[in-house]
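# Report on the structure
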Amino acid sequence: MSLTLAILKPDAVGAKKAGKILAHLEGAGFTVKALKLVSLSKAQAGEFYAVHRERGFYAELVEFMTSGPVIPMVLEANDAVAKLRSTIGATDPAEAAPGTVRKLHAESKGRNAIHASDSDENAAREIAFFFSEFERIAVR
Ligand code: UDP
Ligand code: MG
């Protein structure tokens, strides 16, 4: 078993889709190991997405991710990173496979409902970004 980080983004939380998406993830076989609702500051969102700092969409992404509360969660499954990426679908919902979270719930390439880590290394970094040792007690 391995771990990954998902974030229900402000569009999904604002549209009250959190329960539906969580049920989708659990139905796909993930176990929730940690979860909370938080409102990110500009500095926090900017740090989380620092890898995209030079991209044209960065300012808009930080603006979006601070526009309302988000729900980060640690998910466990066999090959969790790859499994979650395939469960949520492509970044742009227009290109996402049928039945994926983004095909079902995303509005656009920017407002796309959910984040998922893209490697085991980034999953570990992103889990530590959101969850303290204490909050991750169930992860061990
Ligand atoms: N994004 C965007 N425009 C783009 C590419 C990405 O607004 O052309 C946003 C979108 O919210 C995406 C996030 O930036 O989820 C991070 O981009 P990445 O390429 O890492 O996509 P992801 O890993 O989320 O599929
Ligand atoms: Mg990414």
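Here is a short report on the structure shown in this document. (Residues numbered from 1 in each chain as written. Chains lettered and ligands numbered in written order. Predicted model: local features only at pLDDT ≥ 70, side-chain atom pairs only at ≥ 80, totals over all residues. Heavy atoms only, no water.)

## Focus on the side chain of H105
The criterion, for reference: Runs of H or I in DSSP of at least four residues are treated as helices and runs of E of at least two as strands, each being numbered from the N terminus. Buried, partly exposed and exposed residues are distinguished by accessible area as a fraction of the type maximum, computed with a 1.4 Å probe on protein chains only: under 20%, between the cut-offs, and over 50%, respectively. The criterion used for residue contact is that any of the two residues' heavy atoms lie within 4.5 Å.
Within the secondary structure, H105 sits in helix α6 (residues 101-105). What makes H105 buried here is its relative accessible area of 12%. Look past the residues within four positions of H105 in its chain and what remains in contact with it is K17, K20, I21 and A113.

## A look at the layout of surface pockets
So the rule is basically this: Within this scheme a cavity is a closed region of a 1 Å grid, computed over the protein atoms alone, that accommodates a 1.4 Å probe without allowing it to escape, whereas a pocket is open but has protein on both sides within 12 Å along at least five of seven lines; lining residues each have an atom within 4 Å of a point. Grid points are joined across faces, edges and corners, and a volume is the space filled by probe spheres set on the points. Amino acids outside the nonpolar list (Ala, Val, Leu, Ile, Met, Phe, Trp, Tyr, Cys, Pro) and the charged list (Asp, Glu, Lys, Arg) are all regarded as polar, and Gly is one of them.
Its volume calculated, the largest pocket comes out at about 640 Å³. As for the largest pocket, its lining consists of 25 residues, and the residues nearest its centre are Y49, H52, F57, L61 and T91. Looking at the lining of the largest pocket, its residues break down into 7 nonpolar, 8 polar and 10 charged.

## Some thoughts on the packing of aromatic side chains
Definition in use: Working definition: rings of Phe, Tyr and Trp (its six-membered ring) pair if their centres are within 6.5 Å, and the pair is stacked with planes under 30 degrees apart, edge-to-face with planes over 60 apart, and tilted otherwise. Placement of a charge over a ring requires the Lys NZ or Arg CZ to be within 6 Å of the ring centre, with the centre-to-atom vector within 35 degrees of the ring normal.
Summed over the entire model, instances satisfying the criterion amount to 4 aromatic pairs. Judged by centre distance (5.4 Å) and plane angle (55°), the rings of F48 and F130 are tilted. You can see F48 sitting in helix α3 (residues 42-48) and its partner F130 sitting in helix α7 (residues 120-130), a full 82 residues away along the chain. When its relative accessible area of 7% is taken as the criterion, F130 is described as buried. One aromatic cluster is present, built from ring pairs that chain together F48, Y49, F129 and F130. The side chain of K83 reaches across the aromatic face of F30, ending 5.3 Å from its centre.

## Points about helix α2 (residues 18-27)
Heads up, the rule is: This arc describes the spread of directions from the helix axis toward the C-beta atoms.
Residues A18, I21 and L25 constitute the buried set of α2. Buried residues of α2, viewed axially, fall in a sector of 70°; they line one side. Opposite its buried face, α2 presents the exposed residues G19, K20 and G27, each directed more than 90 degrees away. Where α2 is buried, its residues touch β1 (2-8), α1 (10-14), β3 (71-77), α5 (80-88), α6 and β4 (114-116). Just beyond α2, the residue with positive phi is G29, at close to 110°.

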